[in-house]
Amino acid sequence: MQLKTYRRYAFHVVVAICAIIPHNAHAQQAYTDTLSLSIPKAEEIFLQKNLALLANQYNVDINKALVEQAKVWDNPVLNTDQNIYDGKWFKHGTVDGFKYGQVYLQVQQLIRTAGKIKKLTQLAQDNVQGAEAQFNDVMRNLRFVLTTDLNNLAQMQSSATLYQREMQTMTSLVNGMNAMLQQGDISRKENVRINAALFSLQADYNDNLRQQYDLQKEIAGLLQLNDSVWVKADAVQPIPVDQVHNLQLAMLRDSALQWRPDLLMARNQSLFSQHNISYQKAIAKPDLNVGVEYDQQSSYVPNYWGLAISVPLPVFNRNKGNIAAAEMAYKQSGVMVQQAETQVNKDVLGAWQKLINTSNLMNNTNAALQDNYESLMQNMVSSYQQRQVNLVEFIDFFDSYKETRNRQLHLIADQRNAAAELNFSVNQSIIKL
């Protein structure tokens, strides 16, 4: 019964391996072009082609156009009145020395008082600054996503290369073990364990590819790449620890408080609210309507010319509600600025601590560990083939090697992502990636 169980397990292993390999080959055939991308090159394409950025740029242009509109005076108003029928249609002129017909004309111009046009223009300019800050915040967020995606893709592709190299080694070993099984030199149990190790490795590789496909899709969307383009992230290097330790937290916070677009948006909203108070108080002041009138026949003298002035009396509506609402909005915006400043300080501190911790971990890691594992891996394969180590020792070392190398690659990506988060929190390229 035990032999049948091993045979059944080996059958399932072989079937699973066969199912994985054609799937990966078919998936990769969809990508016919390869594009090698560094982070600076990707950012260059991103600034030119990202649709979300282009759409938000229109908001800035829209608000700039509204500034020009706010400066414009109201159009003059023309009122006219003339007789249509008084026994005859459009009877005008002089008959038997008597003048017929009536023409009335009035031109009025609204004159806004208390500097309303200037104050409204200021509000429109505040909106331009808010749109620019919003545009910069969108760019900051999308650039952070792009940077971390490329860091993670580089790590995943390095892991894929590791898996491929290990699969070549294990495939060669499995072929040799299969031949030894036929000769009776090893047990079927040992052969199944080796095949299972290869299957586990190929399953990890397949999972790695699935994660790469998700990253490829997101990067292609950010850069507007064709569906057939496979992005090859340039090999990334860890950030020198000395460069990290030279960062000063106080300077980072000061820079963030100066350049963070979300904080600038909060401050701009507070400034807008302050200007809106002044504008709402100006609205309480009545505007003037000034006009010139001409009356041909119906006034006390023929061909009457007159000056018309009208002004609303601020008896019932003095705009008190809007003024009070504007004052409350200004107080609210002050609280939002304080909250934004607190969040900025927390973001900078958190990103700085992450970068320090990951960099210290990399600094404490033995640089020769990778080379030692590489040479030991080859020795372990040779030793196992020569039966100098047993199956348990070999599988244990194989799993340890794979886990350690992947952790090293993850650590590099984590450090670079922490640096990207620090740049994101400050909105400055503090560390070049």
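Residues numbered from 1 in each chain as written. Predicted model: local features only at pLDDT ≥ 70, side-chain atom pairs only at ≥ 80, totals over all residues. Heavy atoms only, no water.

## Quick look at the overall build of the protein
Counting its secondary structure elements, the protein contains 11 helices and eight strands. With 433 residues in all, the protein has 39% of them scored as buried. Once local pairs closer than 6 in sequence are excluded, the contacts in the protein between residues at least 24 apart make up 83%. Split by element, the accessible area of the protein, about 25000 Å² in all, is 54% carbon and sulfur. (Helix = DSSP H or I, 4+ residues; strand = E, 2+ residues; numbered from the N terminus. Buried < 20%, exposed > 50% of the residue type's maximum accessible area, 1.4 Å probe, protein only. Contact = heavy atoms within 4.5 Å. Areas by Shrake-Rupley, 256 points an atom, 1.4 Å probe, with all protein chains shown as cover.)

## Here's the deal with helix 8 (residues 261–283)
Look at helix 8: 32 Å from first C-alpha to last across 23 residues, which is about the 33 Å you get at 1.5 Å a residue. Along helix 8, the positions that sit buried rather than exposed are Pro261, Leu263, Ala266, Asn268, Ser270, Ser273, Asn276, Ile277, Tyr279, Gln280 and Ala282. (Expected span 1.5 Å × (residues − 1).)

## Thoughts on the nonpolar core
Nonpolar side chains in soluble globular proteins tend to be buried together. Ranked by internal contacts, the top residues of the largest apolar core, which has 30 residues, are Met170, Leu173, Met177, Ile194, Tyr384 and Phe394. Broken down by secondary-structure element, the contributors of at least two residues to this core are helix 4 (116–183), helix 5 (188–223), helix 10 (369–385) and helix 11 (391–426). The biggest single contributor to this core is helix 4, with 10 residues. By size, the runner-up hydrophobic cluster in this structure holds 25 residues, among which are Phe46, Val60, Ala220 and Ala233. (Core = buried A, V, L, I, M, F, W, Y, C linked by side-chain atoms within 4.5 Å.)

## Describing the packing of aromatic side chains
To describe a pair of aromatic rings, one takes the distance between the centres and the angle between the planes. Summed over all chains, the structure comprises four aromatic pairs. Judged by centre distance (6.0 Å) and plane angle (75 degrees), the rings of Tyr213 and Trp230 are edge-to-face. Of this pair, Tyr213 sits in helix 5 while Trp230 sits in strand 6 (residues 229–233), and the two are 17 residues apart along the sequence. (Phe/Tyr/Trp six-rings, centres within 6.5 Å; stacked < 30°, edge-to-face > 60°.)

## Re the sheet that holds strand 2 (residues 77–82)
Strand order in the open sheet formed by four strands is 2-5-7-8, with antiparallel pairing between adjacent strands. Edge positions in the sheet fall to strand 2 and strand 8 (304–310), since each of these pairs with one other strand and no more. On average, each strand axis in the sheet is tilted by 15 degrees relative to the strand beside it, whichever way the strands run. Relative to strand 7 (residues 288–295), strand 5 (residues 103–111) runs antiparallel, the two being bridged by eight bridges. Following the sheet pairing, Leu105 is matched in strand 7 by Tyr294. (Pairing = 2+ DSSP bridges. Axes fitted to C-alpha atoms, helices over the stretch in contact; angles between N-to-C directions.)

## Structural notes on the packing of helix 4 against helix 11
For the pair helix 4 and helix 11, the least separation of the axes is 9 Å and the interaxial angle reads 165 degrees. Taken together, the axes of helix 4 and helix 11 are roughly antiparallel relative to one another. The way helix 4 lies across helix 11 gives a crossing that is right-handed. Per-class residue counts for the contact of helix 4 with helix 11 are 12 nonpolar, 12 polar and seven charged. (Parallel < 35°, antiparallel > 145°, perpendicular 65-115°, else oblique. Left-handed = near helix turned anticlockwise from the far one by under 90°. Nonpolar A, V, L, I, M, F, W, Y, C, P; charged D, E, K, R; others polar.)

## What about the environment of Ile283?
Secondary-structure assignment places Ile283 in helix 8. Taking the relative accessible area as the measure of exposure, Ile283 reaches 33% and is therefore partly exposed. Between the C-alpha atom of Ile283 and that of Thr113, which follows or precedes it by 170 residues, the distance is 8.5 Å. Those residues in contact with Ile283, other than ones at most four positions away along the chain, are Lys116 and Asn319.

## Here's the deal with the pattern of salt bridges
If the charged atoms of two oppositely charged side chains come close together, the side chains can form a pair. Under the defined criterion, the tally for this structure stands at 14 salt bridges. Asp137 is the salt-bridge partner of Arg140, the closest N and O atoms lying 3.0 Å from each other. A residue pair is termed a helical-turn pair when its members lie 3 or 4 positions apart in one helix, as Arg140 and Asp137 do in helix 4 at three residues. For the pair Arg140 and Asp137, a shared accessibility class is recorded, and that class is buried. Connected through salt bridges with shared partners, the residues Asp137, Arg140, Arg260, Asp262 and Asp347 form a single ionic network. (Salt bridge = Lys/Arg side-chain N within 4 Å of Asp/Glu carboxyl O.)

## Thoughts on unusual backbone geometry
The backbone phi angle of Ala114 is positive, close to 60 degrees, even though this residue is not glycine. For Ala114, the location among the structural elements is in the loop between strand 5 and helix 4. Overall, the relative accessible area of 36% leaves Ala114 in the partly exposed class. Phi is positive for Gln224, which is not a glycine, with a value near 55 degrees.

## Details of helix 2 (residues 39–49)
Along helix 2, the residues that are buried comprise Ile39, Ala42, Ile45 and Phe46. Buried residues in helix 2, looked at end-on, bunch into an arc of 125 degrees, giving them a common side. The N-terminus of helix 2 is capped by Ser38, whose side-chain oxygen sits 3.3 Å from the backbone nitrogen of Lys41. (Arc of directions from axis to C-beta. Polar contact = N/O pair within 3.5 Å; in protein donor to acceptor, adjacent residues only side chain to side chain.)

## Here's the deal with the confidence of the model for the protein
Summarising the model, the protein shows a mean pLDDT of 87, and 89% of its residues fall at 70 or more. For the protein, helix 1 (residues 2–28) is the element with the lowest average pLDDT, namely 43, and helix 8 is the one with the highest, namely 97. Predicted confidence is poor over residues 1–23, with pLDDT under 50, and the contacts of this stretch with residues over four places away or in other chains come to 21 contacts. (pLDDT = per-residue confidence, 0-100.)

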